[in-house]
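# An overview of the molecular structure
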Amino acid sequence: MPIENKNRTVCTGCALLCDDISIDVQFGTIQAVHNACLRGTKKFQFASKKDRIKNPAIKDLATGSSSDATWEAAIDKAVDLITHAKHFVIAGVSRMNDDAQELALNLAAKLKATLAIQDHATFTRVFEAIQNHGIELFTLGETINNADLVLFWGANPIDLSPKMLVKTAFSRGRYRQSGKEVKKVAVIDDYPTPTMERADIKAISGDTSHGAVLATLARALVDRKILEPSWIETSGIPKKLFEEPALSDELLSQLKDMAVAIDNAEYCCIFLGEAVLNQQSLGDERWLLDGMLSLVRAINAKRKMAVLPLFYTWNFAGLLQALATTADKVEVIDMRDMPSRAGNGTVVLSLGSDFISKASDDEYRRLSELPVVCVDFKRTPTTGIASVILPPAMTGIESGGTATRLDGVTLNLSPPIGMKANMKSDQEILQLILEKIGM
Ligand code: SF4
């Protein structure tokens, strides 16, 4: 059989959803992956790994070990557990296509389940800041075509979304024909990162908080007259950070260089990453995001500047869009709060989530006693304790649908290999559960 080449395949390795991947397929299996990063390549190759879960399984309560079951028996067992739950929790959901996420939210709304989502507390803070100040967002297309300064603030995409730097900062665009030569890359981070190694302008904050960095950068922008001095009064940032900046001469000089780069840029795109978007950083300085978004808005009076919060899970953006229409019907909590909310009578439906691996010893003891229905194709500590395992086809590789890229753009997934006999997509699994429950 000749090798078939599947071009323009979308990679679901991270939220960048690269749509320029080429796959060689022969005998219904992937022979080679072209143009993906190592992370993406590994995800495609996982489709033919021997140790992936292929068959549904049910745990024998007497022996504690799982054995293969038919789809019908496993779905029946899952439905039995779910319908007898005193408290039903659906965990994960961000690693499914848009339609499957909608089904999961429908199930949650109908059964009054609690939705436990990774990074939800952080996103809630982002959402509150957006409500307070609005947000100048950008698309990846704008970064490619229009930006001449790309600032990664607390973001290290080289590790988490490896092709992001090449796609945004080093690529040629309609108005940026020479790519890297006209685009500058700037990085602000706590310590040197692989992304920082490739930056033209860098600021290492070390022990200095991001709030102090923001205040100092704002002061330098005021000195360069691209930010009005009155902004300082209304920024919500503690005054002392403007008056006594407790940072090294080196960092001060780096932030002055950063202000010069912003002053010289026509369009600055800021990717806000994990060193800022975490519960500790936002808990220590609750005004930080408000200050950042307010600064971006104020700069726009003189320069074009926009910001995009980075969440790397491949369809996190799709989940946020789906939640925007159902949030009032479903209780949503952060995944980290799930152990304290799970008690006697709780049943968990885990959708592509490995919540057990993040649990402390004490949390593990309690969570591992709960009935867990696990929809996952990978063996994880969570599938290890599951009462029922329902292994789906790999979305984007064996099953399709749509997914939402980190900048909100919807993409059609074009699976390079189809579903094998006896496979079901996660969407079909949820549909069957809904039908059996009578919804
Ligand atoms: S950057 Fe992300 S989406 Fe692109 S190939 Fe790598 S893992 Fe896949």
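Note that the coordinates shown come from a computational prediction; the quantities given were computed from them, not determined experimentally.

## Considerations on the layout of surface pockets
In this structure, the largest pocket encloses a volume near 1200 Å³. What lines the largest pocket is a set of 47 residues, and nearest its centre among them are R95, Q118, T313, G352 and K358. Broken down by secondary-structure element, the contributors of at least two residues to the lining of the largest pocket are α1 (38-46), α16 (338-341) and α17 (361-367). With three residues, α1 is the single largest residue contributor to the lining of the largest pocket. Counted by class, the lining of the largest pocket contains 21 nonpolar, 13 polar and 13 charged residues. Each pocket or cavity is described by its volume, and for the second largest pocket that value is around 670 Å³. In this structure, the second largest pocket is lined by 27 residues; those nearest its centre are F123, F127, A317, L320 and Q321.

## Considerations on the domain arrangement of the chain
When the domains of the chain are assigned, the result is domain 1 (4-46), domain 2 (57-119 + 314-437) and domain 3 (131-309). Computed over C-alpha atoms, the centres of domain 2 and domain 3 are 36 Å apart. Each side of the interface is counted separately: domain 2 has five residues, and domain 3 has seven residues. Surface buried jointly by domain 2 and domain 3 totals about 500 Å² across both partners, of which 62% is contributed by carbon and sulfur atoms. Of all residues in domain 2, the largest losses of buried area upon contact with domain 3 belong to R336, L406 and D407, amounting jointly to 76% of the total for that side. Its residues assigned to classes, the side of domain 2 that touches domain 3 shows one nonpolar, no polar and four charged.

## Structural notes on the packing of helix α4 (residues 120-133) against helix α14 (residues 288-299)
Packing of α4 against α14 brings their axes to within 9 Å, and their N-to-C directions diverge by 40°. Taken together, the axis directions place α4 and α14 in an arrangement best described as oblique. Crossing hand, α4 versus α14: right-handed. Residue-level contacts link R125, V126, A129, I130, N132 and H133 of α4 to L289, D290, L293, S294 and R297 of α14. Broken down by class, the residue content of the contact of α4 with α14 amounts to five nonpolar, three polar and three charged.

## Quick look at a positive patch on the surface
There is a patch of like positive charges on the surface, built from R39, R95, K358 and K378. Tracing the backbone through its elements, the reader meets K378 in the loop between β15 (372-375) and α18 (381-385).

Definitions and cut-offs
Residues numbered from 1 in each chain as written. Predicted model: local features only at pLDDT ≥ 70, side-chain atom pairs only at ≥ 80, totals over all residues. Heavy atoms only, no water. 1 Å grid on protein atoms, 1.4 Å probe; cavity = no way out; pocket = protein on both sides within 12 Å on 5 of 7 lines; lining within 4 Å. Points joined across faces, edges and corners; volume = space filled by probe spheres on them. Helix = DSSP H or I, 4+ residues; strand = E, 2+ residues; numbered from the N terminus. Nonpolar A, V, L, I, M, F, W, Y, C, P; charged D, E, K, R; others polar. Domains from an automatic or database assignment. Contact = heavy atoms within 4.5 Å. Buried area = accessible area lost by both parts, 1.4 Å probe. Axes fitted to C-alpha atoms, helices over the stretch in contact; angles between N-to-C directions. Parallel < 35°, antiparallel > 145°, perpendicular 65-115°, else oblique. Left-handed = near helix turned anticlockwise from the far one by under 90°. Patch = residues over 30% accessible without salt bridge, like charges linked within 9 Å, V, L, I, M, F, W, Y side chains within 5 Å. Areas by Shrake-Rupley, 256 points an atom, 1.4 Å probe, with all protein chains shown as cover. Salt bridge = Lys/Arg side-chain N within 4 Å of Asp/Glu carboxyl O. Lys, Arg positive; Asp, Glu negative; His and termini not counted. Charge placed at Lys NZ, Arg CZ, Asp CG, Glu CD.

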